[in-house]
Amino acid sequence: MKKLRVFLVLAFFATFCMLTQNANAQQPYASYWYPNELLEWTPETDEDSAFNRGVVPLENRFTGDGVNSNAMAEPKIQILATMNPSTSDNPSQGSDVFDRYTFNYWQYVDSLVMWGGSASEGIIVTPSADVIDAAHKNGVKVLGCVNFQPDYYGGQLQWVREMIQENPAGVFPGADKLIEVAQYYGFDGWFMHEETQGATSADAKQMQEFMKYFQENKPEGMELHWYDSMSKNGNIQYENALTSNNEMFFQDGNHVVTNGFFTNYWWNDMSSSRDKAISLGRSQYDVYAGVYTEANGYNEPSGQFYVEWDGVFPEGQEAKTSIGIYRPDWTFRSSSDGDDFYARANRFWVGKYRDPRNNDTSDYWKGIAHYIIAKSPIDSLPFTTNFNTGNGHIYAVNGEVKRNRDWNNRSLQDVLPTWRWIADSTGTPLYPSFDWTTAYYGGSSLKVSGVLSHENATHLKLYKTNLSIDSNTNLYITYKTPLNESHMQVGISFEDNKDQFTYLDVGTSTQNEWTTKTISLSGFAGKTIEQLSLNFDSDTTIADYTINVGQISIRNTDLSVLQPVSGLTIVNNDIREGLYADARLKWNKLDGDIEVYEVYRVKSDGTKEFIGATPNNAYYVSEMRRDGYETETTLEVIALDKNYNHGQVANVSFQWPPYPIPVADFTVSKTLIKPNETVTFHNKSTEATQSITWDFPGGSPSSSNEENPQVTYTTEGIYNVTLTATNEMGEDIETKEELIVVSNDITVSNIAVSKNATADTFVSGEEPSGAVDNEVNTKWCATGAEPHWLVVELGSEYVLSEFVVKHAEAGGEGSGYNTSDYKIQVSNDGTNWTNVVDMQGNTSGISSHAIALTSASYVRLYITDAGGDSAARIYEFQVMGYKDSSSSTLPGSFDLLSPANDSRWISRNNTYFDWGDSMNASSYQIIVDDNSDFSSSEINISDINNSNYTSNITLNRLTTYYWKVIGTNSNGSTECNSVSSFKTSFF
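Residues numbered from 1 in each chain as written. Predicted model: local features only at pLDDT ≥ 70, side-chain atom pairs only at ≥ 80, totals over all residues. Heavy atoms only, no water.

Novice: Help me out: how do you make sense of the overall build of the protein in this one?
Specialist: In terms of helices and strands, the protein carries 8 helices and 64 strands. Counting only C-alpha atoms, the protein reaches 125 × 70 × 55 Å along its principal axes. Out of the 987 residues belonging to the protein, those deemed buried represent 56%. For the protein, restricting intrachain contacts to residue pairs at least 6 apart in sequence, the fraction spanning at least 24 positions comes to 74%. Within the structure as shown, the protein displays about 39400 Å² of accessible surface, and the carbon and sulfur contribution to it stands at 44%. Looking at charge distribution, the protein has the averaged site of its 67 positive side-chain charges lying 2 Å from that of its 125 negative ones. (Helix = DSSP H or I, 4+ residues; strand = E, 2+ residues; numbered from the N terminus. Buried < 20%, exposed > 50% of the residue type's maximum accessible area, 1.4 Å probe, protein only. Contact = heavy atoms within 4.5 Å. Areas by Shrake-Rupley, 256 points an atom, 1.4 Å probe, with all protein chains shown as cover. Lys, Arg positive; Asp, Glu negative; His and termini not counted. Charge placed at Lys NZ, Arg CZ, Asp CG, Glu CD.)

Following this line, the structure appears as structure tokens:
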């Protein structure tokens, strides 16, 4: 391989504010550990810790009057939800994708367990900061998860014992660390899930003491919950109830061991659990009857996961226990897009008819709103909602789109409507929904649409509130409609007569522009707003009525202006390829009630792009593309108060290095072909490339400027390929020598099939042989931390031309588990390895890698990033090649190139001869004679190692010569396909 770099500009030195220690910013990720890692953790040594803090305090909330006569206030709902795709690699503060589980039915939930953990990544999982913030904004507690998994999932008893160990001073270091982590990160406790087999009664007793120690040392309000699995003898024994076999993990005499008990799922009636809890002096609602929805969601399951709802919620009686729901994120995982997710979530939580009042159905799943009264955190001013779901395709600020890229950040999710939806009409009600194409502040708005007429007048109840009004209170509503009239009123009802609504006219609008109406509430001073609604009416029929409500805000007048943040610093900054940069920002918190701090990028034309926002004082700016040839980028941080007033701007800048010269690179679909076959080349040059030029000697076409040209080779031989990548700063030339081999004599196959394979580790039943058995229904799976490796011993030396790797998706698993980063290496001794493939950022389920022909006896797949988690999942590793039989094969056929046949006036001095490569030839012999029978040669030279030769013999003037070349190896020789002639010049 040859590499040539040509500079079109003079080299120069640049100074930019990027300190040596700041060379690697990296995306911060939510924490996860094994027990030994947790015991070593400190926030000071964890570079991500500042970004993982939830800073929104746990809001108070209240239970209003139920809108469904069946619903109750006393039982609680706990959900065990996977909020992110995997245990590892979960961004702390959102990311640049729309599709994320933006759970938003908080009004029916009392606590959320951040379900996760795996034997291959870590078994102790903290909630990400955005989940903490979203839950706390709605008054919902959030718990981390300690997930001791079954041994068939890789669980290890030593992890249980490491976690619950007690030192000689009577201290449980693991419990202290759990408390420290929850306090530092700002969440509310832990869920203990112990399913690892092999424990003893002594282990069970130790577990109880561990949890009692936690209770004695935790701060007020922190909780510890338990799953029904381990019994008092240490065995894994699902009781499906609170019983004498597991009560020790719930209550021990006068000592609370855990604050909640989540039963297994195979119950019919919770009466015995209720009675047991009461007999222990505990509330029956501290017991959560487990409901399994991971596989079927709200669809009726068969067998042991069927829920006997009357066993918890007997009609006309109090609830026997609370409910624990396992994996309500089914609504997201099973959905096809955002609209489908929200439809499924509404069906799951509200019910079949999209109205929490109406669950009159014989369906198995009536919706949680049928059983539970919605709760609300809206009990103080100011209250503002932008109907922001916490994700979007755009981000708008005061009606102006400041970002046109996908995003998610649950910290930015608003308190969404309490009731979804109560739309009263004597005719056909208008249809309310969330709209991600139009937003006033954030990524979404409330859209109300349909046929509006007086008959179809619609009263849309939105929020349960408890807001005290004084003479300084205003209501602000911002909306957009294609009409001149809004045909909308704001409805409010008061504590003293909650069913009587007062309607406040919104009035006119500017067509297709955001309009804000300010309504004084001073006339209602001293009253308390109980409910907030919207009312729609029209004297004439509007067939396609549509209105987007972008913001509703009830607040007191506040003219104060926030100061700029101080101490704004880029603590880390990584610049990649001279084109992309990220940054970790920190600043000092401002005094006062801050909603969020917004981060903007100032573009080279002076416009500002919204990057993100956080209530924290640390934020990660994900990779930004360099804006043209800019030399400096400025980032701004602006505080936003609870009244949505922006403060003053603080900024910080970093400088870019000189604009990069491109780096040329390419791949090819195949390297070993037969004559007249076509191959496809793929340009992989760096993004700085502005133009490319391909050279294909021996191919058709022989050159190209296409991105991915197709080239046909007609003649047997070995051919180089060259790609030149160019921009205004220079060019880079990549030549891959002897890359394309054209031969009729070679056939390749998967030579790895059934060969001996070994690996760094493997899961029982998923051994290394599963990757080389030519079956896609078996696999090699390795757990634990990367790197992972798989070695295939070929048995003897083969010539290799291509590798095919079938990842998780090829075997039917999720695409998120496809191997991301790996190398393919070859060796002749199994010790010294050479890279032939270096893959970064793979997302495909099947990846193919053609290489220049290489001889090897061993092949190694070396995985540095397994993808969705740290477990390697390889369903097939194919090694394409053939047995190197050159030891018994004559040299292949070849042609003479120059001087071409019957050419004239060839120099008789230093005559240059050139011919095509002969497959398997070790050397060549050239013969030149003025007789066609080569009876008396002028030139006869052997042992030529190249396919060309320059003669030092002076030939006769104006003489016709004949020449041929013979390829040789240890098995014999092969003469060129035909003899050529030429005539020399006079000089």
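Novice: So what exactly am I meant to see when it comes to helix α5 (residues 201-217) here?
Specialist: The periodicity of an α-helix, 3.6 residues per turn, causes residues three or four places apart in sequence to face the same way. Here α5 contains 17 residues, and its C-alpha end-to-end distance of 24 Å stays within 8% of the 24 Å for a straight helix at 1.5 Å per residue. Looking only at α5, the buried set comprises D203, A204, M207, Q208, F210, M211, K212, Y213, F214 and Q215. (Expected span 1.5 Å × (residues − 1).)

Novice: Whenever I open this one, helix α4 (residues 173-185) confuses me. Can you help?
Specialist: Relative to the 18 Å expected for 13 residues at 1.5 Å per residue, α4 spans 18 Å between its end C-alpha atoms, a close match to the ideal helical length. Positive backbone phi, at 85°, marks G186, one or two positions downstream of α4.

Novice: Explain a negative patch on the surface here, please?
Specialist: On the surface, D99, D337, D339 and D406 cluster together into a negatively charged patch. For D406, the location among the structural elements is in the loop between β19 (400-403) and β20 (407-408). (Patch = residues over 30% accessible without salt bridge, like charges linked within 9 Å, V, L, I, M, F, W, Y side chains within 5 Å. Salt bridge = Lys/Arg side-chain N within 4 Å of Asp/Glu carboxyl O.)

Novice: Can you help me understand a nonpolar patch on the surface in this one?
Specialist: Residues W905, L958, F986 and F987 make up a contiguous nonpolar surface patch of about 520 Å² in total accessible area. Positionally, F986 belongs in the segment after β64 (980-984). On the accessibility criterion, F986 (44% relative accessible area) is partly exposed.

Novice: Where do I start with the side chain of S493 in this structure?
Specialist: Checked against the element boundaries, S493 lands in strand β26 (residues 488-494). Once residues lying within four places of it in the same chain are set aside, the contact partners of S493 are K498, Q500, F501, T528, I529, E530 and Q531.

Novice: Is there a simple way to think about the pairing of strand β63 (residues 972-975) in this case?
Specialist: Look at any regular strand and the pattern is simple: side chains alternate between the two faces of the sheet. Inspection of the sheet shows strand β62 (residues 960-969) paired to β63 by 4 bridges, in the antiparallel sense. Bridge assignment links G967 to a residue of β63, and that residue is T974. In this antiparallel pair of consecutive strands, β62 and β63, the connection spans 2 residues. (Pairing = 2+ DSSP bridges.)

Novice: Please clarify how the packing of aromatic side chains should be interpreted in this entry.
Specialist: Scanning the model with the defined rule gives 69 aromatic pairs in all. Seen from their ring centres, Y34 and W159 are 5.1 Å apart, and the 40° between their planes marks the pair as tilted. Note that Y34 is positioned in the loop between β2 (32-33) and α1 (35-40) and W159 in helix α3 (residues 157-163), a separation of 125 residues in sequence. When sorted by exposure, Y34 lands in the same class as W159, which is buried. The interplanar angle of 40° and the centroid separation of 6.4 Å between the aromatic rings of Y227 and Y265 together place this pair among those described as tilted. (Phe/Tyr/Trp six-rings, centres within 6.5 Å; stacked < 30°, edge-to-face > 60°.)

Novice: I would appreciate a short explanation of the nonpolar core in the present structure.
Specialist: Grouped burial of nonpolar side chains is what soluble globular proteins tend to show. Ranked by size, the top nonpolar core spans 132 residues in total, and within it M207 and W349 carry the most contacts. In this view, M207 contacts F148, V160, I164, M192, E194, W226, M230 and F249; residues no more than four positions away in its chain are not counted. Formed by 29 residues, the second largest nonpolar core is a distinct cluster that contains A782, V837, A856 and V859. (Core = buried A, V, L, I, M, F, W, Y, C linked by side-chain atoms within 4.5 Å.)

Novice: What am I meant to see in the side chain of T722 here?
Specialist: Summarising the element assignment, T722 is placed in strand β45 (residues 717-727). Residue classification places T722 among the buried residues on the basis of a relative accessible area of 15%. Here the side chain of T722 touches T735 through a polar contact of 2.8 Å, side chain to side chain. Beyond its immediate sequence surroundings of up to four residues, T722 is in contact with T693, W694, D695, I733, E734 and T735. (Polar contact = N/O pair within 3.5 Å; in protein donor to acceptor, adjacent residues only side chain to side chain.)

Novice: Even after reading the chapter, I still don't get the sheet that holds β26, so can you show me in this structure?
Specialist: Two orientations exist for strands paired in a sheet by backbone hydrogen bonds: parallel and antiparallel. The strand order β21-β24-β29-β26-β27 describes an open sheet built from 5 strands, whose pairing is antiparallel. In this open sheet, the two edge strands, each paired with only one partner strand, are β21 (422-424) and β27 (497-505). For this sheet, the mean inter-axis angle between neighbouring strands, taken without regard to orientation, is 30°. Note: β26 against β27, 6 bridges, orientation antiparallel. (Axes fitted to C-alpha atoms, helices over the stretch in contact; angles between N-to-C directions.)

Novice: Just to check I follow, could you spell out the pattern of salt bridges for this structure?
Specialist: What the rule picks out here adds up to 44 salt bridges. R282 is paired through a salt bridge with D286; the nearest N and O atoms lie 3.3 Å apart. The same class applies to R282 as to D286, namely buried. Residue E294 pairs with R327 through a salt bridge whose shortest N-O separation is 2.8 Å. Placement of the pair is E294 in the loop between β13 (287-292) and β14 (322-326) and R327 in the loop between β14 and α7 (330-333), with a sequence separation of 33 residues. Owing to a relative accessible area of 9%, R327 belongs among the buried residues under this scheme. Salt bridges linked by common partners bring D96, R403, R405 and E609 together as one network.

Nothing here speaks to function; it is geometry throughout.
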